[in-house]
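# Coordinate analysis (summary)
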Amino acid sequence: MPDVSDHFMVLIPGSMQKEKEKAMVNEMVAKLTTVCWDKCITSTPGSKFSSSESSCLSNCAQRYMDMSIIIMKRFQSMNSMQ
């Protein structure tokens, strides 16, 4: 009969990787929110964003995501070269 601790030793690295990925996503969302809010919301917000604020937030978030993907791909290519 296999040892239960062996089973957990196999599961732990994958579980830790998933938690790291979740933390990275949460950090990215927090950073995106802060950066785009500071850039796009220039006055005290009301009950709705103005059309210019809404457009700015959307564009900012898209650019941030695009750059994150580019950076991630660059790191992946650098790692594969090593």
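Anything mentioned here points back to the structure above.
The paragraphs below set out a description of the structure included in this document.

Definitions and limits used
Residues numbered from 1 in each chain as written. Predicted model: local features only at pLDDT ≥ 70, side-chain atom pairs only at ≥ 80, totals over all residues. Heavy atoms only, no water. Core = buried A, V, L, I, M, F, W, Y, C linked by side-chain atoms within 4.5 Å. Buried < 20%, exposed > 50% of the residue type's maximum accessible area, 1.4 Å probe, protein only. Helix = DSSP H or I, 4+ residues; strand = E, 2+ residues; numbered from the N terminus. Contact = heavy atoms within 4.5 Å. Patch = residues over 30% accessible without salt bridge, like charges linked within 9 Å, V, L, I, M, F, W, Y side chains within 5 Å. Areas by Shrake-Rupley, 256 points an atom, 1.4 Å probe, with all protein chains shown as cover. Salt bridge = Lys/Arg side-chain N within 4 Å of Asp/Glu carboxyl O. Disulfide = S-S within 2.5 Å.

Attention now moves to the nonpolar core. Looking at soluble globular proteins, one finds that nonpolar side chains tend to be buried together. Core analysis: the largest hydrophobic core is formed by six residues, namely Leu32, Cys36, Cys40, Ile41, Leu57 and Cys60. The set of elements that each furnish at least two residues to this core consists of α1 (4-40) and α2 (51-81). Ranked by residue count, the leading element in this core is α1, at three residues. Ignoring sequence-local partners within four residues, the contact set of Leu32 consists of Trp37, Ala61, Tyr64 and Met65.

Turning to a nonpolar patch on the surface, a few remarks are in order. Judged by side-chain polarity, Met67, Ile70, Ile71, Phe75 and Met78 come together as a nonpolar surface patch covering roughly 480 Å² of accessible area. Along the chain, the position of Ile71 falls in helix α2.

To continue, consider the state of the cysteines. Considering all chains together, one arrives at two disulfides under this definition. Between the sulfur atoms of Cys36 and its disulfide partner Cys60 the distance amounts to 2.1 Å. Between Cys36 and Cys60, the disulfide has an S-S torsion of -85 degrees and is therefore left-handed. A residue pair is termed long-range when its members are at least 10 positions apart, and Cys36 in helix α1 and Cys60 in helix α2 qualify at 24 residues. Both residues of the pair, Cys36 and Cys60, count as buried. The disulfide partner of Cys40 is Cys56, and the S-S distance across this bridge is 2.0 Å. The disulfide joining Cys40 to Cys56 has a torsion of about -70 degrees about its S-S bond and is therefore left-handed.

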